Amino acid sequence: MKFGEASYGLAWVNVCLNNKELFLKTFSSGGILANLRPNLIVKPLTIVKPINNLDSEAKEELFYGVVQFAIAKAVADLNLNSEYIVFNVNVPEVPLTKIYKKRVFQQFYASARTAILRALNDYPSLDKVKREKFRALHPLVGFRDDKLENPPYLQIALDVPSLENLEFILNNLPESDHLILEAGTPLIKRFGLEVIEKIRESFDGFIVADLKTLDAGGLEVRLAFEHTADAVVVSGLAPRETIEKALSEANKYGLIFYLDLLNVQNPQKLYNSLKNKPDVIVFHTGIDENKRREFSLEGNFKRAIAGGVKLEEIDKLINSYEIIIVGRAITKSRDPGRVVRFILNKMGYDIDTYRLYYDEDD
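First, a word on scope: everything that follows refers to the structure included in this document. (Residues numbered from 1 in each chain as written. Predicted model: local features only at pLDDT ≥ 70, side-chain atom pairs only at ≥ 80, totals over all residues. Heavy atoms only, no water.)

Turning our eyes to something else, we now look at the packing of helix α8 (residues 217-226) against helix α9 (residues 240-253). Put simply, α8 and α9 touch, their axes get as near as 7 Å, and they point 30° apart. Comparing their axes, α9 and α8 come out roughly parallel. The element α8 and its partner α9 pack so that their crossing is right-handed. Together, G217, G218, V221, R222 and F225 of α8 and T242, K245, A246, E249, A250 and Y253 of α9 make up the contact between the two elements. Residues that form the contact of α8 with α9 fall into these classes: five nonpolar, three polar and three charged. (Axes fitted to C-alpha atoms, helices over the stretch in contact; angles between N-to-C directions. Helix = DSSP H or I, 4+ residues; strand = E, 2+ residues; numbered from the N terminus. Parallel < 35°, antiparallel > 145°, perpendicular 65-115°, else oblique. Left-handed = near helix turned anticlockwise from the far one by under 90°. Contact = heavy atoms within 4.5 Å. Nonpolar A, V, L, I, M, F, W, Y, C, P; charged D, E, K, R; others polar.)

This part is about the environment of E322. Residue placement: E322 occurs in the loop between α11 (314-318) and β15 (323-326). In sequence terms E322 and L148 are 174 residues apart; their C-alpha atoms lie 9.0 Å from each other. Look past the residues within four positions of E322 in its chain and what remains in contact with it is P151, P152, Y153, K302 and R303. From its side chain, E322 meets the backbone nitrogen of R303 in a polar contact 2.8 Å long. (Polar contact = N/O pair within 3.5 Å; in protein donor to acceptor, adjacent residues only side chain to side chain.)

In this section: the nonpolar core. The nonpolar side chains of soluble globular proteins are, as a tendency, buried together. If you look at the biggest cluster of nonpolar residues, it comprises 59 residues, and the most contacted ones within it are L154, I156, I199, I243, F257, F283 and I324. No other element matches helix α13 (residues 336-347), which puts five residues into this core. V15, L62, V66 and A115 belong to the second-largest nonpolar core, a separate cluster that totals 33 residues. (Core = buried A, V, L, I, M, F, W, Y, C linked by side-chain atoms within 4.5 Å. Buried < 20%, exposed > 50% of the residue type's maximum accessible area, 1.4 Å probe, protein only.)

Here we come to the packing of helix α2 (residues 57-78) against helix α3 (residues 98-120). Following both chains from N to C, one finds α2 and α3 inclined at 45°, their axes separated by 8 Å at the closest point. One element, α2, and the other, α3, form an angle in the oblique class. Between α2 and α3 lies a crossing of right-handed hand. On α3, the residues that touch E61, L62, V66, V67, F69, A70, I71, K73, A74, V75, D77 and L78 of α2 are K101, V104, F105, F108, Y109, A112, R113, I116 and L117. Per-class residue counts for the contact of α2 with α3 are 16 nonpolar, no polar and five charged.

Turning next to the sheet that holds strand β2 (residues 11-17). Adjacent strands of a sheet form backbone hydrogen bonds with each other and so pair up, either parallel or antiparallel. If you trace the five strands from one edge of the open sheet to the other, you get β1-β2-β7-β6-β3, paired in mixed fashion. Here the strands that pair on one side only, and so sit at the sheet edges, are β1 (2-8) and β3 (32-33). Where β1 meets β2, seven bridges bridge the pair, whose relative direction is antiparallel. Looking at the pairing, A6 lines up with V13 of β2. Each of β2, β3, β6 (46-50) and β7 (85-89) is contacted by helix α1 (residues 20-28), which is oriented at about 50° to β6, the strand it contacts most. Seen against the sheet, α3 touches β1, β2 and β7 and runs at an angle of roughly 150° to β1. (Pairing = 2+ DSSP bridges.)

Below, the structure written as structure tokens:
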């Protein structure tokens, strides 16, 4: 039993090969045998069934005519050794003109052919799924579920005093899938976790809730999740039990977990003591400290640098950190978009467009 799926333009199909039970069930529940012309069904036997209602004469004519014929033609042209082919299809609402019928035929023919070949080749491979799972953009969803798999990233610490300041920055940001927005601790303290949803109205990417949790770790992580955060920041100064509870809750919800080392005296001891490990370690120097602290820490995590990061440091930091957290250099700029573009260009990214991903049947 093999499965495949493909879509082009108006057409969408999925296919199952070599499942007699499904073939008979689909036939008995309203599927039709694909045919090249009346009284000439295609071999291997192929059932076609619509997934949407045929609620107009145009849809009925397309399904019983062009759509099933395109699938029958694709099956016949491939000279398959398979048996019992089942197709589920959508049926579009289009004018029944010659040009539209031809367009529907071509798109369903290509979709059916591609779906069958993918099924025969066990497409996609597990490696492809792993590569694409966090960068894929579904056309009916409109946002990615990034898990920081393609560093480096620029994270903007939004510690701004007003919603007007926040809106000004959001409106001036370029589009980039290497941009992270952080709802900073002062921002959350002033406006509550609801500010995350305010940010998301303008930004559909990765958002961090910088809670710097010190107590009630499980509860604060859950609240951040309920307000659509993608990641949470917990202070390394919190009791180990608090950190563990927060880690457990973050794992439950699939949130990325940042551990902030601000003022932590023995980071390696803390890291080694944790049963579950953080996804990101923030090497953080406080605003009030005179110089950047030196950290030494070994483990399997992404490294983030925070605390007074200056633009002239970017070239050096890119080589040592997966996430560069910048606050005032961006948020206090008269042209925050220009500064963001400068940093992203330093990282080597084309920042004005999201990358487009095309299916490659590898």
